[in-house]
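Listed here are the chains, written in short residue letters.
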Amino acid sequence: MRDRIMRAAGAAFCAMVAFMPVSALAFDVNKASSNFDLVSLSDAELSARSLKTVDMGNVELTSGHIVAADPLAQPDRPAFARTVPAGDYPVRLYEAFGRVAAASMRFGEGKPDHWELATVPGQDIATLKDDEIFGYPVDAGLGSYMDADTLDLIGEREQQVQTQKPDSDANYYNDVLAPELDANKGVYALHRPVTGKKGNVAIFWSGSGDGFYPVFWGMDKEEHPLVLLTDFQVIENADGRRRPNL
């Protein structure tokens with residue numbers, strides 16, 4: 001199933017870079033992103049910085065193993081090494097210059113005490129050089145958050161679609177996702193692969209489109225995750241009033 005929904009043009013690209021560090025400003029987490037304040041600013045403060053927000057609703061994490069990936073180009077990406085308790089967690093988008101600048105998932109209240117680069121098994125931050133970073137590749141212009149278990153539901157939905165059109169291959173984007181994204185001007189969709197089964201996917205535009213994007217854990221003093229943040233590198237310093245020279 002998952003091989004069929006991968007875009008052919010992105011398959012080789014994803015295979016090469018899925019576990020490779022990609023050049024960035026520096027590994028120092030505070031240099032890797034200047035947008036951590038997004039999750040701590042009030043709605044009024046965000047508005048004053050020309051930032052719009054979209055509260056998508058809750059992602060249902062049935063196992064607590066989180067996958068962040070382009071859901072079309074790399075649906076089989078491993079879950080992050082760090083886990084959270086199973087539960088339903090809100091996802092918020094931050095928009096600037098008509099694009100999704102960042103996406104967050106909240107696990108607890110408060111301002112993070114410190115931030116960490118999110119990794120999948122097999123990635124070792126100690127191997128990064130000063131100009132490298134881990135992240136995930138995007139080749140279909142989309143990012144997402146989901147539970148690792150939800151991948152099986154996507155497979156079940158595709159089988160349903162295939163049964164309905166046995167004479168041609170199912171295309172998950174055209175047959176399933178496109179109408180849901182179109183309902184929100186193509187920007188986002190809170191997608192439930194199988195009606196009546198717990199497990200959904202927050203899908204959203206990935207900044208300026210295809211690229212390689214880092215994800216960060218916002219941690220409290222007791223090393224509990226408070227928030228997960230994907231930075232699509234559209235803004236700097238959590239400010240949408242001036243386009244950065246990225």
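Residues numbered from 1 in each chain as written. Predicted model: local features only at pLDDT ≥ 70, side-chain atom pairs only at ≥ 80, totals over all residues. Heavy atoms only, no water.

*Asks:* Give me the overall build of the protein: which residues, what numbers.
*Replies:* Helix and strand content of the protein: 6 helices and 14 strands. The buried share among the 246 residues of the protein stands at 52%. Approximately 11,400 Å² of the protein is accessible, and the part contributed by carbon and sulfur atoms is 48%. (Helix = DSSP H or I, 4+ residues; strand = E, 2+ residues; numbered from the N terminus. Buried < 20%, exposed > 50% of the residue type's maximum accessible area, 1.4 Å probe, protein only. Areas by Shrake-Rupley, 256 points an atom, 1.4 Å probe, with all protein chains shown as cover.)

*Asks:* Describe unusual backbone geometry, naming the residues involved and giving the relevant values.
*Replies:* Of note, Gln233 is a non-glycine position whose phi angle comes to about 60°, a positive value. Looking at the secondary structure, you find Gln233 in the segment after strand E14 (225-231). A relative accessible area of 38% means that Gln233 is categorised as partly exposed. Positive phi outside glycine occurs at Asn237, with the angle close to 55°. Assignment of secondary structure puts Asn237 in the segment after E14.

*Asks:* So, the sheet that holds strand E11 (residues 201-205): which residues are in play, and what are the values?
*Replies:* Here we have 4 strands laid out as an open sheet, ordered E3-E9-E11-E10, and antiparallel in their pairing. Each edge of the open sheet carries a strand with a single partner, namely strand E3 (66-68) and strand E10 (188-191). In this sheet, neighbouring strand axes are inclined to one another by 10° on average, regardless of whether the strands run parallel or antiparallel. Pairing geometry for strand E9 (residues 142-147) and E11, over 5 bridges, is antiparallel. Counterpart to Gly143 in the pairing with E11 is Phe204. (Pairing = 2+ DSSP bridges. Axes fitted to C-alpha atoms, helices over the stretch in contact; angles between N-to-C directions.)

*Asks:* Please provide a residue-by-residue account of the pattern of salt bridges, values included.
*Replies:* All chains considered together, the criterion is met by 8 salt bridges. Close ionic contact of Asp43 with Arg92 constitutes a salt bridge, the shortest N to O distance being 3.1 Å. With Asp43 in helix H4 (residues 43-48) and Arg92 in strand E4 (residues 87-96), the pair connects residues that are 49 residues apart, well separated along the chain. Look at Asp43 and you get partly exposed, because its relative accessible area is 49%. Residue class for Arg92 comes out buried when judged on its relative accessible area of 17%. For the salt bridge of Lys197 with Glu156, the shortest nitrogen-to-oxygen distance reads 3.0 Å. Of this pair, Lys197 sits in the loop between E10 and E11 while Glu156 sits in helix H5 (residues 150-164), placing them 41 residues apart in sequence. Classification of Lys197 as partly exposed rests on a relative accessible area of 37%. (Salt bridge = Lys/Arg side-chain N within 4 Å of Asp/Glu carboxyl O.)

*Asks:* Please provide a residue-by-residue account of the confidence of the model for the protein, values included.
*Replies:* On average, the protein scores 88 in pLDDT, and the residues at 70 or more come to 89%. This stretch, residues 1-21, has a pLDDT under 50; its non-local contacts, to residues over four places away or in other chains, come to 49 contacts. (pLDDT = per-residue confidence, 0-100. Contact = heavy atoms within 4.5 Å.)

*Asks:* Talk me through the packing of H5 against helix H6 (residues 172-182); I want residue IDs and the actual numbers.
*Replies:* The angle between the axes and the distance between the axes are what describe a pair of packed helices. Contact geometry of H5 with H6 gives a least axis separation of 10 Å together with a crossing angle of 110°. The pairing of H5 with H6 is recorded here as roughly perpendicular in orientation. At the point where H5 passes H6, the crossing takes the right-handed sense. Between H5, through Ile154, Arg157, Glu158 and Val161, and H6, the contact on the second element is made entirely by Tyr172, Asp175 and Val176. The residue makeup of the contact of H5 with H6, split by class, is 4 nonpolar, no polar and 3 charged. (Parallel < 35°, antiparallel > 145°, perpendicular 65-115°, else oblique. Left-handed = near helix turned anticlockwise from the far one by under 90°. Nonpolar A, V, L, I, M, F, W, Y, C, P; charged D, E, K, R; others polar.)

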